Amino acid sequence: MPFLEIDHLVKEFTRKERVIRAIDGIDLMVKEGEFVSIVGPSGCGKTTLLHMLAGFVPVDQGALRLDGKPILGPGPDRGVIFQEYALFPWRTAHGNVMWPLEIKGVPKAEREATADRYLDLVHLEGFRDHYPAELSGGMKQRVALARILVLDPRILLMDEPFGALDSQTRELMQEELLEIWGKTGKTVIFITHDIDEAIYLSDRVVVMTARPGKVKEDFRVDLPRPRRLDIKKTPEYAAYRNKVWDLLHVEVIAARAQTPDGRA
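Let us look at the structure shown here. (Residues numbered from 1 in each chain as written. Predicted model: local features only at pLDDT ≥ 70, side-chain atom pairs only at ≥ 80, totals over all residues. Heavy atoms only, no water.)

## Concerning the overall build of the protein
Note the threshold: Each helix corresponds to a stretch of at least 4 residues labelled H or I by DSSP, and each strand to a stretch of at least 2 residues labelled E; elements are numbered beginning at the N terminus. The reference for a compact globule is 2.2 Å times residues^0.38; the radius of gyration itself is calculated from the C-alpha atoms. Surface accessibility in these figures is a Shrake-Rupley result with a 1.4 Å probe; residues are shielded only by whichever protein chains are displayed. Under this rule, positive means Lys or Arg and negative means Asp or Glu; His and the chain ends count for nothing. Think of each charge as sitting on NZ of Lys, CZ of Arg, CG of Asp or CD of Glu.
Within the protein, the regular secondary structure consists of 7 helices and 10 strands. Over its C-alpha trace the protein gives a radius of gyration of 19 Å, about what one expects of a compact globule, namely 18 Å for 264 residues. Dimensions of the protein along its principal axes, counting C-alpha atoms only, are 55 × 45 × 40 Å. Surface summary for the protein: the accessible area is close to 12,800 Å², and the carbon and sulfur share equals 52%. Computing the positive centroid from 37 side-chain charges and the negative centroid from 40, the protein places the two 3 Å apart.

Quick look at the structure:
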């Protein structure tokens, strides 16, 4: 049985009495521990799909199942990480990571030790007492990741988590994420516009069509692990990149045609 099942998923929205189909019959199966990236043109329904997996948006048709159980709303088995860090500015890094454990009523000594452990995991042990305003963008995102991991979710749902970072920091964060993924073994669904990011990180890349979003292609990335950034210099990596770009190019043009100003 697959760990995550997306079974003929359909989602529609009503805008000014007009029904817009955002997602049109997506079928996907993900194994436990897999790292799967989803790419597609703007407006293809990537974020909508992730919000449905998180339980924030209801299903219109089809079904979502995690470990055989239907996804009917938000739950602690799914950790969601957005591009915005959403840290409490009045709490230190340690305090931010402890916050979910406080909500759960975990005893103080245990939550302090757990928060320390996860700050160590994201290499922020030296910034325990720093406030968000004193941290770089990459550090803030690592705090946000640690805050999710303390709850030990079964799956991480990541929506453009590095989109606001500069290119150098983004690549460093990609390496950090692969290291953390290797240590925790979490299943990851990763939404991105960045072709290089999708290939570098993933076991599989799912390419979506322009709206209404469907799966255009779902393929494995057979590059050796553990991966380092210099793998991007290899011809094998370049072949995957060209493949994704060729698949996306037609869909980006189609997405542009759907917008009044011609921009995707």
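This is not the end of the story, as more comes after the structure.
## Focus on the packing of helix 4 (residues 137-149) against helix 5 (residues 167-184)
This is how the line gets drawn: Note on geometry: axes are lines fitted to C-alpha atoms, helical ones only across the stretch in contact, with angles between N-to-C directions running from 0 to 180 degrees. Each angle gets one of four labels, with under 35 degrees taken as roughly parallel, over 145 as roughly antiparallel, 65 to 115 as roughly perpendicular, and the rest as oblique. Handedness of a helix crossing follows the sense of rotation of the near helix relative to the far helix, less than a right angle counterclockwise being left-handed and clockwise being right-handed. Residue contacts follow a heavy-atom distance rule, with two residues in contact if any of their heavy atoms lie within 4.5 Å. All amino acids are sorted into three groups, where Ala, Val, Leu, Ile, Met, Phe, Trp, Tyr, Cys and Pro are nonpolar, Asp, Glu, Lys and Arg are charged, and the leftover types, Gly among them, are polar.
One can describe the packing of helix 4 onto helix 5 by two numbers: an axis separation of 10 Å at closest approach and a directional angle of 20°. Between helix 4 and helix 5, the angle is such that the two are roughly parallel. Where helix 4 crosses over helix 5, the handedness of that crossing is right-handed. Where helix 4 abuts helix 5, its residues Gly 138, Gln 141, Arg 142, Leu 145 and Leu 149 lie against Thr 169, Met 173, Glu 176, Leu 177 and Ile 180. Considering only residue class, the contact of helix 4 with helix 5 consists of 5 nonpolar, 3 polar and 2 charged.

## Comments concerning the packing of aromatic side chains
Under the convention used in this document: For Phe, Tyr and Trp, rings pair up if their centres lie within 6.5 Å, where Trp contributes its six-membered ring, and each pair is then called stacked (planes under 30 degrees apart), edge-to-face (over 60) or tilted (otherwise). For every residue, the accessible area obtained with a 1.4 Å probe (protein chains only) is divided by the maximum for its type, and the residue is called buried under 20%, exposed over 50%, and partly exposed between those limits.
Taken as a whole, this structure holds 7 aromatic pairs when the rule is applied. Where Phe 162 meets Phe 190, the ring centres are 6.0 Å apart and the plane angle is 55°; that geometry is what we call tilted. Remark: Phe 190 occurs in strand 8 (residues 187-191) and Phe 162 occurs in the loop between strand 7 (155-159) and helix 5; sequence separation between them is 28 residues. Take Phe 162 and Phe 190: they sit in the same class, and that class is buried. Members of the aromatic cluster, connected to one another through ring pairs, are Phe 35, Phe 162, Trp 181 and Phe 190.

## Regarding the pattern of salt bridges
The line we're drawing: Here a salt bridge means any side-chain nitrogen of Lys or Arg lying within 4 Å of a carboxyl oxygen belonging to Asp or Glu.
Inspection of every chain in the model, using the stated rule, returns 24 salt bridges. Between Arg 65 and Glu 5 there is a salt bridge, with the nearest N and O atoms lying 3.3 Å from each other. Here Arg 65, found in strand 4 (residues 61-66), pairs with Glu 5, found in strand 1 (residues 4-15); they are 60 residues apart in sequence, far enough to count as distant. Since its relative accessible area comes to 13%, Glu 5 is described here as buried. Arg 128 serves as the salt-bridge partner of Asp 129, at 3.2 Å between the closest nitrogen and oxygen. Here the salt bridges share partners, and the residues they tie into one network are Glu 12, Arg 21, Asp 24 and Lys 214.

## Considerations on the nonpolar core
For clarity, the cut-off: For our purposes a nonpolar core is just a set of buried Ala, Val, Leu, Ile, Met, Phe, Trp, Tyr and Cys residues, chained together by side-chain atoms within 4.5 Å.
Counting 52 residues, the largest nonpolar core has Leu 177, Phe 190, Ile 199, Val 205, Val 207, Phe 219 and Val 244 as the members making the most contacts within it. In terms of residue count, helix 4 provides more of this core than any other element does, 7 residues in total. When near neighbours in sequence (up to four residues on either side) are disregarded, Phe 190 contacts Phe 35, Val 36, Ser 37, Ile 38, Met 158, Pro 161, Phe 162, Leu 177, Glu 197 and Leu 201. Counting 28 residues, the second largest nonpolar core, distinct from the first, contains Leu 49, Met 52, Leu 53 and Ile 71.

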